[in-house]
Amino acid sequence: MEKIIDIEDRIPTLKERRRRRTNKKFSILLFLFVSTLLVVLYFQSSYSQVQTITLDGASLVPKEQYIEQISLEIGDSMWGFREKNLEELLKQNKWVKAVTVKRKWLTEVEIQIEEYKQIGYVEDGDFLRITLENGEIMDPDGQVLPLEGPILSGFDDEKIRLRLIKELKNLNSEVLLTISQINYTPNENDKHSIQVFMNDGNEVQAMIPSFSEKMNFYPFIFSQLEPAVKGIIDLEVGSFFQPYVDVYGEQTDEEATELEEEQTP
């Protein structure tokens, strides 16, 4: 025979279940209320606003120009922009190779710019314009930039200029910095002939297609020459040296001064 449980005996158990369900609902509602309140307070406080903008890697243009371009200001919402959108905006600059934008901590935006390297300069009348490793030419826009790389003169043909820039990229950095100027000197036999003036006073005659391969040996070639004797190093076919006095029939002022200093006791 089944035992009959009086409803009155079950009342305490039912009350306890109801109390637990009520407490659980109250806890959930309280959590949602507190969470919503904290979110509202956060977005109304300075902790949800941009307080610091850091930008590293800028040298071709001022940092302020990049920041102005993306229209990001102190006090803007930290969540009012997408990093990818800002990166794509900055990549529109032809001198920008790569960009990374990220939120850091609660109130800081960090921007990392990678610009194409400066490879030299091209003459534009009485002015010099910057040549980059990707072949782009840009104006310094008032920036005081170091004179890194040679001045390229006569390279009006973009195809020829890009071919030379490719060679300059393959030069050892210490060799590139020893070059003062490169003149484009095509002739009827070869359109790739160039005349290279070195900071040490020597002149190099070379061909664009083999320029980096041969020019990387310049420090060794220079070490074999008499320091006081300047001249022309021909790298077009082989590698041989002619003093200026043999080519032009007279010494340069620099050579004469150096020889005089050596002969002075």
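Values in this document were obtained by computation on a predicted structure and should not be read as measured data.

Moving on, we come to a nonpolar patch on the surface. A contiguous nonpolar surface patch, about 420 Å² in accessible area, is contributed by Phe 26, Leu 30, Phe 33 and Val 34. One can find Phe 33 in helix 1 (residues 7-44). According to the relative accessible area criterion, Phe 33 is exposed, its value standing at 56%.

Turning to the sheet that holds strand 1 (residues 52-56), a few remarks are in order. Within a sheet, neighbouring strands are paired by backbone hydrogen bonds and run either parallel or antiparallel to one another. The sheet built from three strands is open, its strands ordered 1-3-2 with mixed pairing. The outermost strands of the open sheet, each flanked by one partner alone, are strand 1 and strand 2 (96-104). Direction aside, the axes of adjacent strands within the sheet are offset by 15° on average. In the packing of helix 3 (residues 83-90) onto the sheet, contacts are made with strand 2 and strand 3 (108-115), and the angle to strand 2 comes to roughly 155°.

Let us look at the pattern of salt bridges. Tallied over the full model, the rule gives six salt bridges. A salt bridge links Lys 84 to Glu 87; the nearest nitrogen and oxygen atoms lie 3.7 Å apart. One end of the pair, Lys 84, and the other, Glu 87, are both in helix 3, three residues apart, so they sit about a helical turn from each other. Its relative accessible area of 56% is what places Lys 84 among the exposed residues. For Glu 87, a relative accessible area of 7% translates into the label buried. Notably, a salt bridge pairs Glu 110 with Lys 104, separated by 3.5 Å at the nearest N-O pair.

Attention now goes to the environment of Lys 117. On the secondary structure map, Lys 117 appears in the loop between strand 3 and strand 4 (118-124). Classification of Lys 117 as exposed rests on a relative accessible area of 59%. For Lys 117 and Leu 132, which are 15 residues apart along the polypeptide, the C-alpha to C-alpha distance reads 5.6 Å.

For helix 4 (residues 158-169), with twelve residues, the first-to-last C-alpha span of 16 Å sits near the 16 Å given by 1.5 Å per residue. Within the sequence span of helix 4, burial applies to Ile 160, Arg 161, Leu 164, Ile 165, Glu 167 and Leu 168. All buried residues of helix 4 project into a common sector of 160° when viewed along the axis, lining one side. Counted as exposed and oriented over 90 degrees from the buried face of helix 4: Lys 159 and Lys 166. The N-cap residue of helix 4 is Asp 157: its side-chain oxygen and the backbone nitrogen of Lys 159 are 2.9 Å apart.

Let's shift gears to unusual backbone geometry. Positive phi values are uncommon outside glycine, yet Ser 71 reaches one of about 55°. Structurally, Ser 71 can be placed in the loop between helix 2 (63-69) and helix 3. Looking at Ser 71, the relative accessible area reads 56%, which means it is exposed. Of note, the phi angle at Trp 105 is positive, near 60°, even though the residue is not glycine.

What follows is about the pairing of strand 8 (residues 179-184). Looking at chain direction, strand 7 (residues 151-153) and strand 8 are connected through three bridges and run parallel. The partner of Leu 152 across the bridge, within strand 8, is Ile 182. Here strand 8 pairs with strand 9 (residues 193-198) via five bridges, running antiparallel. For Gln 181, the partnering residue across the bridge sits in strand 9 and is Phe 197.

Each value, and the rule that gives it
- Residues numbered from 1 in each chain as written.
- Predicted model: local features only at pLDDT ≥ 70, side-chain atom pairs only at ≥ 80, totals over all residues.
- Heavy atoms only, no water.
- Patch = residues over 30% accessible without salt bridge, like charges linked within 9 Å, V, L, I, M, F, W, Y side chains within 5 Å.
- Areas by Shrake-Rupley, 256 points an atom, 1.4 Å probe, with all protein chains shown as cover.
- Salt bridge = Lys/Arg side-chain N within 4 Å of Asp/Glu carboxyl O.
- Helix = DSSP H or I, 4+ residues; strand = E, 2+ residues; numbered from the N terminus.
- Buried < 20%, exposed > 50% of the residue type's maximum accessible area, 1.4 Å probe, protein only.
- Pairing = 2+ DSSP bridges.
- Axes fitted to C-alpha atoms, helices over the stretch in contact; angles between N-to-C directions.
- Contact = heavy atoms within 4.5 Å.
- Expected span 1.5 Å × (residues − 1).
- Arc of directions from axis to C-beta.
- Polar contact = N/O pair within 3.5 Å; in protein donor to acceptor, adjacent residues only side chain to side chain.

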